[in-house]
Amino acid sequence: QVQLAESGGGLVYPGNSLGLSCAASGGISTYTMGWFRQAPGKQRELVATVTFRGNRNYADSVKGRSTVYRDDAKNTVYLNLDRVEPEDTAVYYCNARSVVSGNEYWGRGTQVTVSP
């Protein structure tokens, strides 16, 4: 079982950049790692994923202003989001999905609020 802990959330001014980290309790080399977010009153949605091969996928809403990357040696995955907008306000969750078993794990989430 993998435990995930997000960090880096908080209050961000519109137009600024945001950096999130997700530290895993164990090795992530056989996991697809991802970031999801859930805004108030909305369903949880994909933000970005990165496979164990390093292939990245982004939601249209963040494409071109977001970077997801992983450091397997540190068991950590990162998300950078530039030019943040109020619509980026949400709880951001880290996700790990095993390519071997299909088991999926979630972090507890970190709140990001974009506001002047």
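The present account deals with the structure reproduced in this document.

Thresholds applied
Residues numbered from 1 in each chain as written. Predicted model: local features only at pLDDT ≥ 70, side-chain atom pairs only at ≥ 80, totals over all residues. Heavy atoms only, no water. Disulfide = S-S within 2.5 Å. Helix = DSSP H or I, 4+ residues; strand = E, 2+ residues; numbered from the N terminus. Buried < 20%, exposed > 50% of the residue type's maximum accessible area, 1.4 Å probe, protein only. Pairing = 2+ DSSP bridges. Axes fitted to C-alpha atoms, helices over the stretch in contact; angles between N-to-C directions. Contact = heavy atoms within 4.5 Å. Phe/Tyr/Trp six-rings, centres within 6.5 Å; stacked < 30°, edge-to-face > 60°.

This part covers the state of the cysteines. Here the structure, examined in full by the defined rule, presents one disulfide. Here C22 is linked by a disulfide to C94, with a sulfur-sulfur distance of 2.1 Å. In this structure, the disulfide formed by C22 and C94 twists by about -85° around the S-S bond and is classed as left-handed. One end of the pair, C22, is in strand β3 (residues 18–24); the other, C94, is in strand β9 (residues 90–98), and 72 residues separate them in sequence. Both residues of the pair, C22 and C94, belong to the buried class.

A sheet is described by the order of its strands in space; here four strands give the open sequence β1-β3-β8-β7, paired in antiparallel fashion. The sheet is open, and its two borders are formed by β1 (4–7) and β7 (66–71), each paired with just one other strand. When the angles between neighbouring strand axes are averaged without regard to direction, this sheet yields 15°. Two strands pair when backbone bridges link them, and β1 and β3 are joined in this way by four bridges, in the antiparallel orientation. In the strand pairing of β3, S7 is matched with S21.

Residue placement: Y93 occurs in strand β9. Y93 sits in the buried class, given a relative accessible area of 13%. When the C-alpha positions of Y93 and S7 are compared, they lie 9.9 Å apart, and in sequence the two are 86 residues distant. Setting aside its immediate chain neighbours within four residues, Y93 contacts E6, G34, W35, F36, Q38, R44, W106, G107, R108 and G109.

Turning our eyes to something else, we now look at the packing of aromatic side chains. Aromatic ring pairs are defined here through the distance separating the ring centres and the angle between the ring planes. What the rule picks out here adds up to four aromatic pairs. Here the aromatic rings of Y31 and Y105 are separated by 6.3 Å at their centres, their planes lie at 55°, and the arrangement is tilted. With Y31 in strand β4 (residues 31–38) and Y105 in strand β10 (residues 104–106), this residue pair connects regions lying 74 residues apart in the sequence. Given the relative accessible area of 11%, Y31 is considered buried. A residue is classified by how much of its surface remains accessible, and Y105, at 15% relative accessible area, is buried. Here the aromatic rings of F36 and W106 are separated by 5.0 Å at their centres, their planes lie at 65°, and the arrangement is edge-to-face. Of this pair, F36 sits in strand β4 while W106 sits in strand β10; the two residues are 70 residues apart in sequence, bridging distant segments of the chain. Judged by its relative accessible area of 17%, F36 is buried.

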